[in-house]
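Architecture at a glance
Chain by chain, the residues run as shown.
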Amino acid sequence: QQPVQSPQAVILREGEDAVINCSSSKALYSVHWYRQKHGEAPVFLMILLKGGEQKGHEKISASFNEKKQQSSLYLTASQLSYSGTYFCGTEEGPNTGNQFYFGTGTSLTVIP
Amino acid sequence: NAGVTQTPKFQVLKTGQSMTLQCAQDMNHNSMYWYRQDPGMGLRLIYYSASEGTTDKGEVPNGYNVSRLNKREFSLRLESAAPSQTSVYFCASRDRTSYGYTFGSGTRLTVV
């Protein structure tokens with residue numbers, strides 16, 4: 001049930017764009033995206049609910065294709081502060097406390 | 001507004017010792033969670049509590065017990081620590097399903 005993320009790691013120069021993908025073999029109700037900096041707790045970025053809506057947060061946005069059970073996180077014009085590990089999390093229905101699964105993460109490094 | 005507060009931040013135990021990790025949230029969230037994070041494996045759910053008075057197992061509950069003391073507090077106990085329990089432990093809370101998880105700052109536990 002753990003979603004699969006790709007790529008595992010990516011290195012960008014400041015100003016470049018990146019896409020991180022998350023896919024599941026199960027029909028999904030929602031997809032979450034989190035960012036974790038080294039030695040810190042994960043921080044919630046956004047949630048996408050069933051319906052294929054795209055969300056935006058400054059230069060970070062995401063989409064959810066419920067037919068394919070896939071979500072993508074888009075980071076545009078990357079900044080040094082974007083460095084960290086990005087996790088997606090998926091759940092198959094509302095209020096399914098122990099049926100929420102995090103992916104293994106994508107390490108993103110932005111260099112000057 | 002502190003969010004989710006975990007104590008202690010660091011702990012070293014000898015094999016066989018016991019300890020309790022404390023967690024408290026001040027956001028009036030109903031649901032609380034304990035996760036462990038190991039390199040390459042993402043975040044895995046140990047136990048969760050959907051509401052005060054209820055607890056349920058997650059993906060990796062063996063060797064742990066939990067107590068939902070009240071709506072604010074959710075503790076995790078290791079009765080007889082083992083080296084396999086060396087990990088970073090995160091407490092988290094969540095409100096309605098449209099919102100994401102808020103994590104505490106984590107406890108880095110080493111069992112020798």
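Reading the values: rules and limits
- Residues numbered from 1 in each chain as written.
- Chains lettered and ligands numbered in written order.
- Predicted model: local features only at pLDDT ≥ 70, side-chain atom pairs only at ≥ 80, totals over all residues.
- Heavy atoms only, no water.
- Core = buried A, V, L, I, M, F, W, Y, C linked by side-chain atoms within 4.5 Å.
- Buried < 20%, exposed > 50% of the residue type's maximum accessible area, 1.4 Å probe, protein only.
- Phe/Tyr/Trp six-rings, centres within 6.5 Å; stacked < 30°, edge-to-face > 60°.
- Helix = DSSP H or I, 4+ residues; strand = E, 2+ residues; numbered from the N terminus.
- Lys NZ or Arg CZ within 6 Å of the ring centre and 35° of its normal.
- pLDDT = per-residue confidence, 0-100.
- Contact = heavy atoms within 4.5 Å.
- Salt bridge = Lys/Arg side-chain N within 4 Å of Asp/Glu carboxyl O.
- Polar contact = N/O pair within 3.5 Å; in protein donor to acceptor, adjacent residues only side chain to side chain.
- 1 Å grid on protein atoms, 1.4 Å probe; cavity = no way out; pocket = protein on both sides within 12 Å on 5 of 7 lines; lining within 4 Å.
- Points joined across faces, edges and corners; volume = space filled by probe spheres on them.
- Nonpolar A, V, L, I, M, F, W, Y, C, P; charged D, E, K, R; others polar.

**Things to note about the nonpolar core**
- Residues W33, M46, L73, L75, Y82, Y86 and L108 of chain A are the most contacted members of the largest nonpolar core, which totals 21 residues.
- M19, I46, V66 and L76 of chain B belong to the second largest nonpolar core, which has 20 residues in total.

**Points about the packing of aromatic side chains**
- Counted under the stated rule, the structure contains 16 aromatic pairs over all chains.
- Residues F102 of chain A and Y101 of chain B carry aromatic rings whose centres are separated by 6.3 Å and whose planes lie at 50 degrees to one another, so their mutual orientation is tilted. Here the residue F102 of chain A occupies a position in strand β10 (residues 100–102), and Y101 of chain B occupies one in the loop between β9 (87–94) and β10 (102–103), the pair thus bridging two chains. Judged on exposure class, the residue F102 of chain A and its partner Y101 of chain B are both buried.
- Taking 6.2 Å as the distance between ring centres and 90 degrees as the angle between the ring planes, the aromatic pair formed by Y35 of chain B and Y101 of chain B counts as edge-to-face. Here Y35 of chain B, found in strand β4 (residues 31–38), pairs with Y101 of chain B, found in the loop between β9 and β10; they are 66 residues apart in sequence, far enough to count as distant.
- Look at Y101 of chain B and you get buried, because its relative accessible area is 2%.
- Three or more aromatic residues link up through ring pairs in this structure, and these residues are Y34, F44, F100 and F102 of chain A together with Y33, Y35, Y48, F90, Y101 and F103 of chain B.
- The ring of Y101 of chain B carries R94 of chain B above its face, with NZ or CZ at 4.9 Å from the centroid.

**A few points about the confidence of the model for chain A**
- Confidence in the prediction for chain A averages 90 pLDDT; 94% of positions are at 70 or higher.
- Across chain A, the secondary-structure element scoring lowest on mean pLDDT is strand β6 (residues 55–57) of chain A, at 65, and the one scoring highest is strand β3 (residues 18–23) of chain A, at 97.

**Points about the environment of Q79 of chain A**
All names here are of chain A.
- The topology assignment puts Q79 in the loop between β8 (70–75) and β9 (84–91).
- Spatially, the C-alpha atoms of Q79 and T109 are 9.7 Å apart, while their sequence positions differ by 30 residues.
- Beyond its immediate sequence surroundings of up to four residues, Q79 is in contact with K59 and V110.

**Some remarks on the environment of V43 of chain A**
Residue and element names in this part refer to chain A.
- By secondary structure assignment, the location of V43 is in strand β5 (residues 43–49).
- Counting along the chain gives 44 residues from V43 to F87, while the straight-line C-alpha distance between them is 9.7 Å.
- Filtering out sequence-adjacent residues up to four positions away, V43 remains in contact with W33, Y34 and R35.

**A short note on the interface of chain B and chain A**
- Counting residues at the interface gives 23 residues for chain B, matched by 21 residues for chain A.
- Linking chain B with chain A are one salt bridge, by the criterion used here.
- For E91 of chain A, the salt bridge goes to R94 of chain B, with nearest N and O atoms at 2.9 Å.
- Where chain B packs against chain A, one counts four residue pairs in polar contact (both at pLDDT 80 or more).
- If you list the elements that add at least two residues to the side of chain B that touches chain A, you get β4, β5 (42–49), β6 (56–57) and β9 of chain B.
- Counting residues per element, the side of chain B that touches chain A draws most heavily on β5 of chain B, which supplies four residues.

**Focus on the layout of surface pockets**
- A volume near 640 Å³ is recorded for the largest pocket.
- Residue lining of the largest pocket: 30 residues in total, with Q36, H38 and G39 of chain A together with Q37 and R108 of chain B positioned closest to the centre.
- Mapped by element, the contributors of at least two residues to the lining of the largest pocket are β9 and β11 (106–111) of chain A together with β4, β9 and β11 (107–111) of chain B.
- Class assignment of the residues belonging to the lining of the largest pocket gives a composition of seven nonpolar, 18 polar and five charged.

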